[in-house]
Amino acid sequence: MAIRNMRKYNNNNAPSAYEFKGIRKDGSTIFIDVSAIKMAYKGKDVILAFLRDITDRKLGEAALLESEAKYRSIFENAIEGIFQTTPEGRYLGINPAFAKMFGYGSPEEMIAHVTDIGGQLYVNPADRRRLREMLSGTGYIEGFETEVRRKDGTTFWISINAYCVRDGDGNLLYFEGTNTDITDRKQAQDALRKSEYALH
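Residues numbered from 1 in each chain as written. Predicted model: local features only at pLDDT ≥ 70, side-chain atom pairs only at ≥ 80, totals over all residues. Heavy atoms only, no water.

**Regarding the overall build of the protein**
Phase 1 of the analysis: Broken down by element type, the protein carries six helices and nine strands.
Phase 2 of the analysis: Of all 200 residues assigned to the protein, the portion counted as buried reaches 31%.
Phase 3 of the analysis: When contacts within the protein are restricted to residue pairs at least 6 apart in sequence, long-range pairs at least 24 apart make up 35% of them.
Phase 4 of the analysis: For the protein, the exposed area adds up to about 13,200 Å²; of that, 54% sits on carbon and sulfur atoms. (Helix = DSSP H or I, 4+ residues; strand = E, 2+ residues; numbered from the N terminus. Buried < 20%, exposed > 50% of the residue type's maximum accessible area, 1.4 Å probe, protein only. Contact = heavy atoms within 4.5 Å. Areas by Shrake-Rupley, 256 points an atom, 1.4 Å probe, with all protein chains shown as cover.)

**Comments concerning a nonpolar patch on the surface**
Phase 1 of the analysis: On the surface, a nonpolar cluster with roughly 270 Å² of combined accessible area is contributed by M39, L48 and F50.
Phase 2 of the analysis: Mapping F50 onto the fold places it in strand β4 (residues 44–53).
Phase 3 of the analysis: By relative accessible area, which is 53% here, F50 ends up exposed. (Patch = residues over 30% accessible without salt bridge, like charges linked within 9 Å, V, L, I, M, F, W, Y side chains within 5 Å. Salt bridge = Lys/Arg side-chain N within 4 Å of Asp/Glu carboxyl O.)

**Things to note about the nonpolar core**
Phase 1 of the analysis: Counting residues in each nonpolar core, the largest one holds 24 residues, and the members touching the most others are Y91, F102, M110, L121 and I160.
Phase 2 of the analysis: Those elements that place two or more of their residues in this core are β6 (91–94), α2 (96–101), α4 (117–121), α5 (125–138), β7 (140–149) and β8 (155–166).
Phase 3 of the analysis: In terms of residues, this core owes the most to one element, β8, which gives five residues.
Phase 4 of the analysis: Once you skip the residues sitting within four places of it in the chain, M110 turns out to touch Y91, I94, F98, A99, F102, Y104 and L121.
Phase 5 of the analysis: Core analysis: the second largest hydrophobic core is formed by six residues, Y18, F20, I32 and V34 among them. (Core = buried A, V, L, I, M, F, W, Y, C linked by side-chain atoms within 4.5 Å.)

Shown next as structure tokens:
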């Protein structure tokens, strides 16, 4: 039986609490929360203990930690750029692929440098306003294309999928989504249009 977070009783008989992991008769694991107090009973010092089964809570906590670790791994290693932004135009969080896409050495550098997404990154700032209006109206947008600037001033095209994240009362908290570099596709489309125009 593994004992964890156990605290000894003190001299003023204040309650003590600890958790331990045990094994049931059938071999399964159980987590127990124990609250105990030293007291006198029929002239003798005894320990009065209250036991509570916290197995479901402990397993839930472990599952949550595992889920968070998996999400963090996906976030850090994704090929697509992943972002969270305020409606006003500041980044709350971005992954390494997103920062690299825009020519920054790290997410922290880009978050610190870009304080106005529409004004600093969008070739046409009106696209950012239009994106915000569409998201506020529908809650989700897919395949929104716009031209943006890298840190060095060069431009490229991205396709944005994004949605609104709201609290329990429906208030908008932030936008979350992904960016995909579609520059090659846009250049191919442009070359095809020029070729068709020349033929006509």
